[in-house]
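Reading the structure
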Amino acid sequence: MAVVALGTALAGELKINPFDGDIFRIGLGSSAFLLFLLLLRRLPYILTGAVTGAVVLMFRMGLDQALGHDLTPIASATRHCSAAVYYLVFAVGMSVIKPRLDRFYPLVLGAVTAVVDLMSNEAELLTRLLVTGTTTFELNEWTFLMAIAMLRTYFVTGIYSSIAISRMRIVQKEQNRRIEQMLSVSSGLYGEVFYLKKSIGTLENVTLGSYELYRRLADEGLQEHKQKVLGLTQQIHEVKKDSQRILAGLIKLTDREVPGDMPLSNLLQYTVRSNQQYAEMLGKSIVFTQKMSCDYVTSSYIPLLTLLGNLTANAVEAIRTQGQIHLEVREQGELTFLSVSDSGGGIPPEDRELLFEPGFTTKFDDEGIAATGIGLSHVRDIAERLGGEITIGTAPGLGGAWFQVRIPTEKLRASTPSDPNSMQESSFERLLV
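Residue indices follow the written sequence of each chain, beginning from 1 at its first position. Given that the model is predicted, a residue must reach a pLDDT of at least 70 before its local features are reported, and side-chain atom pairs must reach 80 or more before they are shown or counted; all residues, however, enter totals for whole chains, interfaces and linings. To get the side-chain values, all heavy atoms of the structure are used, and hydrogens and water are removed first.

**Quick look at the packing of helix H2 (residues 29-39) against helix H4 (residues 73-97)**
So the rule is basically this: Between the N-to-C directions of two axes lies an angle of 0 to 180 degrees, each axis being a line fitted to C-alpha atoms and, for a helix, fitted only over the stretch in contact. Strands here are runs of E lasting at least two residues and helices are runs of H or I lasting at least four, both read from the DSSP assignment and numbered beginning at the N terminus. The scheme is simple: roughly parallel for angles under 35 degrees, roughly antiparallel for over 145, roughly perpendicular for 65 to 115, oblique for anything else. Crossing handedness is defined as follows: a turn of the near helix away from the far one that is anticlockwise and smaller than a right angle gives a left-handed crossing, while the clockwise case is right-handed. The contact criterion used throughout is that any non-hydrogen atoms of two residues lie within 4.5 Å.
One way to put it is that H2 packs onto H4 with a least axis distance of 11 Å and a crossing angle of 30 degrees. Classed by the angle they form, the pair H2 and H4 counts as roughly parallel. Considering the relative orientation of H2 and H4, their crossing is right-handed. Side by side, H2 and H4 meet where Gly29, Ser30, Phe33, Leu34, Leu37 and Leu38 of the first sit next to Tyr86, Tyr87, Phe90, Ala91 and Met94 of the second.

And the structure:
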């Protein structure tokens, strides 16, 4: 409130006098005050107007004394009290329309605030008439005041609208960043859930095998070995139970609709953006291109994002220092095709049959340690879970690897309302907007 009062008082000294003498002046104080009120909605408008009016009055009285004007304090206060009335009346008028400010379009907001400005000017003129006996203005002067009010308020509301748009863009950018983080986490959790389920199945088989061994040892009377095997079986069983509890928590996270259905185009954009950052982290110069001949909303965006993310990350790793990666989404008949191709070294024909086997890898780090070799087996399992399949080949025009996943469209396309006129944006699209 103090900042508003001081800022308005200082801005009010930047002024023009449209009439003879100094009987009435138009300054930037009212424009600054209006902008402050629009931006600082939490301030109590009427109290802010009273404080601003008092500060402006004292500020102008102080200037009179500092500049050596031959005025007594009472005469100075009489001369400038109308300005205090202006800001108080302006604040009262703004408090009346304050609850509706967000409903006004910029043009309407400019017109409404211009009316408030004119009412405040009239109150200021009336105060001058009562205090100093100054006569009212001529009709042409009132017309000039109305024009100035319109120009001033539309100028301020234009600035306010620009600031509001900038704020919305910043908020949207932050929301998009958070959505990318959530999608990255959800995609990672989806993969972890898949392998945790697989590990629990393995633990179940090991538990059964261990217990079967325990029974055989018991039948043969090998008490010492029997107890050791029983202890191991119990420990394996506990690990399985702990894994099941962890799996239950992860499933709750991955099953949440965060943030809702997603268009394939957004899915492709996030895949490209995240892998561009991955390529930069590895110090590689890679040009990403994409082509979409179809686009629809899908509720299976997490597994698709995991699938495309794995294939694209593999393509990034396959390129040595610089190259190109191309992603394509198209629909043909009842199938949707998603393909990733690169300009890397490609995949030898003899390796293609083993490529999707867990543990098979052709990638080694700088120390010669092999990768886990589970990424592509995970991709194959996701495709099969969605009722599709994956094929490998040589990328046309690029010479590297080419992976194509084809999935029945009905498995991916989210259900839509029967009436096309009643279709609404998905929650994901609404969030972006």
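**Some points on the side chain of Thr48**
For clarity, the threshold we go by: Each residue is placed in one exposure class: buried if its accessible area under a 1.4 Å probe, protein chains only, is under 20% of its type's maximum, exposed if it is over 50%, and partly exposed if it falls in between.
Checked against the element boundaries, Thr48 lands in helix H3 (residues 45-66). Judged by its relative accessible area of 0%, Thr48 is buried. Not counting residues up to four positions away in its chain, the partners in contact with Thr48 are Met1, Val4, Phe33, Leu37 and Leu43.

**Considering the nonpolar core**
For clarity, the threshold we go by: What is meant by a nonpolar core is a set of buried Ala, Val, Leu, Ile, Met, Phe, Trp, Tyr and Cys residues, joined one to another through side-chain atoms within 4.5 Å.
Counting 40 residues, the largest nonpolar core has Leu307, Leu311, Ile325 and Phe403 as the members making the most contacts within it. The set of elements that each furnish at least two residues to this core consists of helix H8 (264-281), strand E4 (285-292), helix H9 (301-318), strand E6 (322-332), strand E7 (335-342), helix H11 (375-385), strand E8 (389-394) and strand E9 (401-408). A total of 9 residues in this core trace back to one element, the largest contributor, which is H9. One finds Val4, Phe33, Tyr86 and Val156 within the second-largest nonpolar core, a separate group that totals 23 residues.

**Quick word on the UniProt feature "transmembrane region" (unreviewed entry) in the chain**
Stated formally: UniProt positions are given in the numbering used here, feature names are shortened, and annotations may be inferred rather than shown by experiment.
Under the local residue numbering, the UniProt record ascribes the feature "transmembrane region" (unreviewed entry) to residues 23-40, 45-62, 74-97, 104-122 and 142-165. Note that residues 45-62 is 100% helix and 0% strand, and that its end C-alpha atoms are spaced 25 Å apart.

**Thoughts on the pattern of salt bridges**
Under the convention used in this document: The term salt bridge refers to a side-chain nitrogen of Lys or Arg lying within 4 Å of a carboxyl oxygen of Asp or Glu.
Summed over all chains, the structure comprises 7 salt bridges. Its salt-bridge partner being Glu13, residue Arg60 comes within 3.6 Å of it at the nearest N-O pair. Here the residue Arg60 occupies a position in helix H3, and Glu13 occupies one in the loop between helix H1 (2-11) and strand E1 (15-16), the gap between them amounting to 47 residues. On the basis of relative accessible area, Arg60 is assigned to the buried category, the value being 10%.

**A word on the pairing of E9**
Going by this rule: By definition, two strands form a pair when at least two bridges between them are found by DSSP.
Along E9, 6 of the 8 residues are buried, which leaves the element largely enclosed by surrounding structure. The pairing of E7 with E9 spans 7 bridges and is classified as antiparallel. In the sheet register, Ser339 faces E9, and the bridge partner there is Gln404. Relative to E9, E8 runs antiparallel, the two sharing 6 bridges. Note that in E9 the partner of Thr394 across the bridge is Ala401.

**Some words on H9**
Spelled out, the test is: Each residue after the first adds 1.5 Å to the expected span of a helix.
In this model, H9 (18 residues) spans 25 Å end to end at C-alpha, consistent with the 26 Å of a helix rising 1.5 Å per residue. In terms of burial, H9 is largely enclosed, as 14 of its 18 residues are buried.

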